[in-house]
Every structure is written in C-alpha cells, then in structure tokens.
Amino acid sequence: TGSMSSECLGNFLRVTLSAEYFEDKYLSFSVVDRFGIAWEIDEDMASQCGYTVTYSYWGNTEFRASALSCHSQLEKDVFTVTIQIKASHTPDMKNAATHLKSASCPYGPWSPRELVCEKNYMEVSVRREVPRIAQDFIQDEPEDWALAFPEAKAGESSIWQIVFHQPEEKKALLVTDAWNAGYGLNTTDTRILLRIPYGAAQIQLVKAQGITFSAVRSSTFYKQRWMILMVDTAVACPVDGVDYTNKTITWTVPKYIQPLSAGATSFKDVLVEAGVDLRKLSAKEMVSRKYSLSNDLDTITIKIPIGAEGGYYKTSVSSGQHGAKYSINLFLEHQWEDNKWGLTKHTIIKEMETPFEHVELTVTNSKYLNTEFTEGIDKSLMLTCFFSDTNLSARLMNVTVGMFLPDVELVNLTFEGATVTVLEAIRHGYLTHENTYANGSKTYAIEVPFEAASIKKEYTREDFRTYTLNVTLEFIIYPTSETFAIPVITVSAIKDAVLPSARGFCDERNLYLIITRGNVDQNWLPFISNQHLTPEAAQKYSYSLSDNGTHLAICVPFLSPHVDYEDIHPSGIMASLHLTLKDGITLANRRDFSISCRFSPSELMQCLPNGTVVITAVKFVGIADVDTSLLVLRDRQCKPILVTEKTAAFKFNVNTCGTSRKFNSTTMTYENDVLYFRSGNDTPVYQLKCVCWYTIKQTVDVQYESKINPAPSIKPGFGSLALSLKLFKEKSFSDPYKESEYPVVKYLREALYFQVELLQSEDVRLELNLEDCWATNSQSSDSHPQWPIIINGCENSEDSHRTIFHQVSYSPRVKFPQHLKRFEVRMFTFVQGTTLLQE
C-alpha cells in the first residue's frame, strides 16, 4: 500500500510510516519474535531492547531497531526484524487495523568492539572469543578485575553476571536482576551485548576535554566449572558539547574517553565519518551543504549552518510567543585502533535543537507568500506575514495569514469574545482555506462578508466607511500539541457610505424636518440645541417625533424653547430649527440639518376686542445675552407674566403700561415697546415695537341659524378588558392587603375600602363605571344568599349603611383617574332567621 517503507542504515533498521496513511491515528508498536509472539513496546522496553520511535517534522513516524535488538534474528551477518503496528482512530485502540513489516539487513564486518549512542539508550557489543594469554600481558586496572574474580568464583556454575565499577563501590548483578533493573543483556554466537538506558542507576558523569559523558564501567563475565570468561563492557556517550553561536551549530566530540581507552597506550584513527538521519555524507555533499568536519589531535568537530539542508525548522512557543527552532539529527562514526582492543567503532546519534527564536509578525504583499523555508536562515524565519485585500464586488474581506510550517494547524477563531472551531465559524460567515505549497509550508486564507455581525462598521469621512475585522486565530503545533494565538486586525476603507439627507418645510405654526436615513446613521442620535431628542423629551416639549427606521420626522411649534429667532421684519419673524445627528458613542457631530421660515408677526401679538393685548417677545440670536425675565414695557413696572429661556409673555390693557394711542377717521392705534436695558444704562439694547389697530366705525352683518344636534349615542364594542378588585387597609387607598394576609378578619360595621381598576389600557378616552356589585356568602359569585352593594352605578337604597363613593384624583400612583373607582362598605354578615351563616 505504500504506507510503510524500510531502510538498512549500518547497524540499524529504520521503518517509516507515511503521514498520509497514519495521520490522526493512535499507534502501538510490537516486535514479533522467532516463535510468532508479539511483544508490545513501551518506553522502558524500547530503551532496554534497542528500539527507538520518533516523530518527524513532516508528520512521518519512524521506528528504529538495533542489529542486536532483543528479538532480532541474526544469521551470518544478516539481522531480521519483524514489527507489528496497530492503528486506530480512538485511544482505546478499538477496531484497530494491524500491519506487519519484516525486513532483513546485512551488516558486517563486525568490529571487536562496537559502541552505539542512540537517543534513548547506550549499547556496547564485544567479540567474545577466548584469546590466548600472553606472558607479558598486564591488565589495565588489575584491582577491578581482581574484585570481580571472587564473585565469579563464588557464583554457581554456568552463569552470567555483570559487575558495575564505581569509585566508591562495585555492584554485581545476575542477568535476571540486571534485566529487572532495566539493563539489556544479549549474546550471539560471537558477541556479548550490554544495553543501558540513560536513566540507569549505575551511570556516571565523566569529563573529557571539557565535554560531559554518560559512562558506565562494567565487566560482564561467564563462569563454567573450568573457566571464567570476563569481558570489559564499558560504554560512554556525550551529554553536551553542542554550541549555538553565530548562526552555526558546533558539535565537539573528544576522540578518546578514559572509560573506553583505559589500559591502551597507542591509538590510531581508522575512520571518521558524519551524516544526517543515519545517512553518511560524502565530502562533496558536505561542502555543498556548507558542513565542515575537522579531525584534530584530540577532538572531532562538526559545524553546521543553522538552516542548512538536512535539518528543518519547527514551530515553537515560548511564553505564548510564536517562534521557531531548527532541528537536525546528526550522527558521527569514529573508528580507531589501540593496542588493547584492536578496532573500536563508536557510533553517536545526536538530535540537536537550537534555542527558541521569536519570530516577529510581518505584513507583506501576497507575492512574497511563496517563501522557501529550506533556502536560508533569514527567509526561513519569516514564518508569519499578513496580506489583506478587499473584494469590493463580492463585498468580502480577505486576509491571508502565513507562511506557516507544516506542523501548524488552525483550530479555533475568537471574535466578539466567543471562541468557535473552524467548522462552527462558518455559521458566523467565516470561511477558512488552507493553501499548501510545494515545500510543505502553508497559509490560511480567511474570508468574511462585510455584513457579518462581528465586522465593525464605522463612518469616517465623506463617502467612506471603515470595516474592521478583529479576530484571533488559535493554532496547534503537532506533535507537541502546543498552541499559540495570532490576533488579526485589518481595516478596509470603502467608498460606500450613504449619508442621511433631509427636507424641511413650515406651516403657519410649526417647523418640520424629515430626515431620510442612510446606511451609516443607525446609531446616530438626534440633538436640538444640545438636547437629546428622545420620545420623552419630545413629549415634554410638545414636539412630534416619529422614526420608522428609514425616516425620522420632527415637528416643532414656532414658539418652542429650541427654536432660534434671527430677525423680525414687517413681513414676519425669521425662525430656524437646527438639528444635529451625533455619534451614539463619542457624541461627535456627524451631520447638521436646519430649516428656516418666516412666520407672521401676528403669531407674537394678539389684540383682543376687549382692549387686552398679549405680546410674546422673543430673544434674537444676535443679542444672545438678553435675560428674558428682565424684559419690560414702556412702563418698567409692567413685567412679563410667563418667561422661558427664549421668550417672555406680557398681558396688559391698552390703557396701561405706558401704551400710547392715536386716532384717525377710521382707526384707533395703540403702541407699546418691549425693552431691555443693561444695568446702569438707559438706552435699550433690545426694542420690539408692538401696534394694535381697532376700527372706529364698522358694520358687520352676522347671519345665524339654530341647529338641533342629535342626541349622543354610544355604539357597543366588544373585546377583553383586564380588571382588578382590591381591598385596602385604610381610607388613603395606599396599602392593599396582600394575598398572604387573606382571609381578612374584620368586626361588624368596620369600614372596608374597595378599589376596582382598569388595567393595561392607557387610553384617556376610556372611563370605568361600576354597574352592579354584590356580596355572597361563599367564593362563588353566583351563590346565594347575595346582597347588592352597588345597583346601576348607585348605592343600595335599602342598605342601612349605604355604600360611600370616594373621588379618585391624579397622583404619581394614579396616571388615569378615570380608570379607577373606589368605594367604602361597612362590614356585615349574612343571617338566616336569627342564625349567623358565617362569623
């Protein structure tokens, strides 16, 4: 199926599981022995038996097995490993699909001693032939071997043991005990192998050339009745030695480590080779990749430019910040000869990861969105950029976020305080598209309609509106499951604003403004002279205000507090109404409208037939500092009877207040002035001349006729009215009995105060009238006996204590007195003969 592939890489077998097939699946690995039994591999078994599982940057999963792993079948320098992989969509591994993979790899020739430093274990294998004993042979550390000898001598025949040598003590373990402690011990026809997990108790940290090594010094021996075979199974692997400076990875490995070279006096390099992912690189390949390998007297040094081919960048997060790390899986093979072991092969696998580097978010044009991550350091760190565009015809906001590495996936979007998944975001108008490029990098494109509820729309200037997209994108990194978030705020200015327009007109007494709303003023508020024109304010000033969503209509009487008066002329007085639409949040002025009309002067003055004159003086815009309460007539004792901020009303007889009069053959003319004087100045700064003409001789023919009006009639109507009947505690009708206080206990002849109210209706034309009210001896209204309290709207004339009606007046608690009726009844009881029917 192509879901798995295998490679032979020296003394390792590597099986790679393809991301396309095994992506988003839970996996378990088992190794199958020669008898067909599958042994499931966990972390402990992997490090004890020579198995390693890694997850690569591209989403592939790798399984590595040592040539001398526990269940490897070794025949004539060919080792065979069979693994079983189970893949399931659920962590409980139900309905798992099973895959088998068997591969054979040749390996040889074997060196007398081979050392392997893997990711999760150290391994040493030694040829176990019995050498001849030379006369002049001197052991490297006689005391170590001497200490091992008594244990071997005292042990049972035909038994393997391991003796660990430490500065303060030595410890001997039987194979069973060593295995239970996590060590791996294996033998073939020709070799002895010891495998040690990095967390083993017997590991020591030693220094060589300033580099720290994890080391174990041990002797593995086999006892038979007639001989003891002892093998030095020391092993050491570097812990550090990696430096990240000047955009370069420098890996330094000492060539000779004391635990591995104890007892040897002469050394000779045989081979030094390096590579990536267990693949050896030729000198030409290393030059093309700008790698360098130097073999000095005491150390081997490998230098790799950060970002070079063979490694890869992976996304990382630190303190919530989005960044990247560069990783590369190097390996080094060093072979040397010494006068103790002969040839030793030391293979070191080293996974290296550079420190976290924060990646600044940049905004760039879409033509730069094809950044190659493998070409160089600078480009590879341009992980994130934004490209914003606006599709006017489709009315869509487009935002492209990228480049991202292949290990990143968009999972959630947050807008207006709500976090939703990518699929849930579709219901809110957010469409996301993943765009993948040839090098595996990707971008995410987000499309949002202008009309989406989460898009903030704001009128800015002239015909422009700004559309603001404010969304936070949450990403997950595989396989670590780290998350990070990127806030995206993009603003588009579009010339699509339709501003409100207005038309105005006047009749004899009112000014009108009708505003046709646009698409930007739904939240703009109408103001007149800094007075927010709410329905309540309109009712207070007797203005007419209506708003149906598309049109706002305002009617303001000529003599109103918010009308401005500009001048007066024999042809009339010029009055203006100014309306401002203000932003509903900032209250900034957005749009101004006004209507100006000239009204007849007769609107300011009434000359009544009985000689009474009523004048309304107005304050003009050009004389803003006039205090209308200080306006006077020619006789300064005549002051206004009613004052507002802009008007003052005078009422006087033509024979008073300094009024002058003139006669001619047909008319009598009365004149007076409304004046305003500043303090200490006898020259008025305001003068309004008022004139009344009365005809001296005038004959008027009046025709009239009587007309009989028909008697008023009432047309019946049908519907439902909600009423309430309440019993109050006292005459003020302020404290009704609550439901929890019933039944109410009263003495005979105590007053009972009842109120009947028409509920819900606010129609002032309705009046509630009580026709019949009666009392019963039970809760059923039609039970008997009954006693009438109100008959045809009147008290019961047969009652010795007649019902008393109480007048209802307007109060803060009573807005519609005509909707209530209140009456008082004296407490009584029903009797039958002389028997009380109820107390």
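Above this text sits the structure in question.
First, a word on scope: everything that follows refers to the structure included in this document. Because the structure is a prediction, the values reported are computed rather than measured. The numbers attached to residues start from 1 for each chain and follow its sequence in the written order. With pLDDT at 70 or above as the cut-off, local features in this predicted model cover only qualifying residues; side-chain atom pairs require 80 or more to be listed or tallied, and sums for whole chains, interfaces and linings still use all residues. Processing note: side-chain calculations cover all non-hydrogen atoms of the structure and skip hydrogens and water entirely.

1. Regarding the packing of aromatic side chains
Then comes step 1: Only the six-membered ring of Trp is used, alongside the rings of Phe and Tyr, when aromatic pairs are assigned; centres must lie within 6.5 Å, and planes under 30 degrees apart are stacked while those over 60 apart are edge-to-face, with the rest tilted. Scanning all chains against the criterion turns up 27 aromatic pairs.
Then comes step 2: Seen in terms of ring centroids, phenylalanine 558 and phenylalanine 599 are 4.5 Å apart; in terms of plane orientation they differ by 25°. Their pairing is stacked. Linking phenylalanine 558 in the loop between strand 45 (551–557) and strand 46 (564–569) with phenylalanine 599 in strand 48 (residues 589–599), this pair joins segments that are 41 residues apart in sequence. Like phenylalanine 558, the residue phenylalanine 599 is buried in the burial classification.
Then comes step 3: Taken together, the ring pairs in this structure connect Phe404, Tyr444, Phe475 and Phe484 into an aromatic cluster.
Then comes step 4: In this scheme, Lys NZ or Arg CZ marks a charge over a ring once it lies within 6 Å of the ring centre and within 35 degrees of the ring normal. Here arginine 461 stacks its cationic end above the ring of phenylalanine 464, 4.4 Å away from the centre of that ring. Secondary structure is summarised from DSSP: a helix means a run of H or I of at least four residues, a strand means a run of E of at least two, and numbering begins at the N terminus for each. Remark: exposure states derive from per-residue accessible area (1.4 Å probe, protein chains only) relative to the maximum for the residue type, with buried under 20%, exposed over 50%, and partly exposed in between.

2. Some details on the pairing of strand 16 (residues 204–208)
Then comes step 1: Note on pairing: DSSP must find at least two bridges between two strands before they are called paired. Where strand 16 lies against strand 17 (residues 211–223), five bridges are found, and the strand directions are antiparallel. By the bridge assignment, valine 206 is partnered in strand 17 with phenylalanine 213.
Then comes step 2: Joining the antiparallel neighbours strand 16 and strand 17 is a turn of two residues, in which glutamine 209 adopts a positive phi near 55°.

3. A short note on the sheet that holds strand 51 (residues 642–643)
Then comes step 1: Taken in spatial order, the four strands of this open sheet run 49-50-52-51, and their pairing is antiparallel. Of all the strands in the sheet, the pair left with one neighbour each is strand 49 (605–607) and strand 51.
Then comes step 2: Bridging between strand 51 and strand 52 (residues 647–653) involves two bridges; their strand directions are antiparallel. Residue pairing across strands places leucine 642 opposite alanine 649, the latter belonging to strand 52.

4. Quick notes on a nonpolar patch on the surface
Then comes step 1: Residues enter patches when their relative accessible area tops 30% and they take part in no salt bridge; the joining distance is 9 Å for like charges and 5 Å for the nonpolar side chains Val, Leu, Ile, Met, Phe, Trp and Tyr. Here the accessible surface of atoms and residues is derived via Shrake-Rupley with a 1.4 Å probe, and residues count as covered only by protein chains that are part of the display. Throughout this description, the term salt bridge denotes a Lys or Arg side-chain nitrogen within 4 Å of a carboxyl oxygen of Asp or Glu. Among the surface-exposed residues, Phe35, Ile37 and Trp39 lie close enough to one another that they form a single nonpolar patch of about 360 Å² accessible area.
Then comes step 2: Tracing the backbone through its elements, the reader meets phenylalanine 35 in the loop between strand 3 (26–32) and strand 4 (38–40).
Then comes step 3: Here phenylalanine 35 falls in the exposed class, since its relative accessible area comes to 68%.

5. Observations concerning the layout of surface pockets
Then comes step 1: With a 1 Å grid spanning the protein atoms alone, the term cavity applies to any set of points in which a 1.4 Å probe fits but cannot get out, the term pocket to an open set with protein on both sides within 12 Å along at least five of seven lines, and the term lining residue to any residue with an atom within 4 Å of a point. Grid points are joined across faces, edges and corners, and a volume is the space filled by probe spheres set on the points. In this model, the largest pocket occupies a volume close to 1500 Å³.
Then comes step 2: Considering the residues around the largest pocket, the lining is formed by 34 residues, among which Leu752, Phe754, Ala775, Thr776 and Ser778 are closest to the centre.
Then comes step 3: At the level of elements, strand 56 (723–728), strand 57 (751–758), strand 58 (772–776) and strand 62 (820–826) are the ones that each hand at least two residues to the lining of the largest pocket.
Then comes step 4: Of the residues contributing to the lining of the largest pocket, the split by class is 21 nonpolar, eight polar and five charged. All residues other than Ala, Val, Leu, Ile, Met, Phe, Trp, Tyr, Cys, Pro, Asp, Glu, Lys and Arg, Gly among them, are scored as polar; the first ten of these are nonpolar and the last four charged.

6. Quick notes on the pattern of salt bridges
Then comes step 1: Counted under the stated rule, the structure contains 33 salt bridges.
Then comes step 2: Where lysine 325 meets glutamate 353, a salt bridge forms, and the shortest distance between an N and an O atom there is 3.3 Å. Of this pair, lysine 325 sits in strand 27 (residues 321–338) while glutamate 353 sits in strand 28 (residues 342–353), and the two are 28 residues apart along the sequence.
Then comes step 3: The exposure class assigned to glutamate 353 is partly exposed, which follows from its relative accessible area of 33%.
Then comes step 4: Residues aspartate 547 and arginine 517 are paired through a salt bridge, measuring 2.9 Å at the closest nitrogen-oxygen approach. Of this pair, aspartate 547 sits in strand 44 (residues 544–547) while arginine 517 sits in the loop between strand 41 (510–516) and strand 42 (524–528), and the two are 30 residues apart along the sequence.
Then comes step 5: Via salt bridges that share partners, Glu7, Arg14, Glu62, Arg64, Glu118 and Arg279 belong to a single interconnected network.

7. Some words on unusual backbone geometry
Then comes step 1: The residue after glycine 108, namely proline 109, is reached through a cis peptide bond having omega -5°.
Then comes step 2: Note that proline 109 resides in the loop between strand 9 (97–106) and strand 10 (113–117).
Then comes step 3: A cis geometry characterises the amide bond from tyrosine 742 onward to proline 743, with omega recorded as -5°.
Then comes step 4: With respect to the element layout, proline 743 can be found in the loop between strand 56 and strand 57.
Then comes step 5: Although it is not a glycine, lysine 247 adopts a positive phi angle of roughly 60°.
Then comes step 6: Judged by relative accessible area, which is 39%, lysine 247 ranks as partly exposed.

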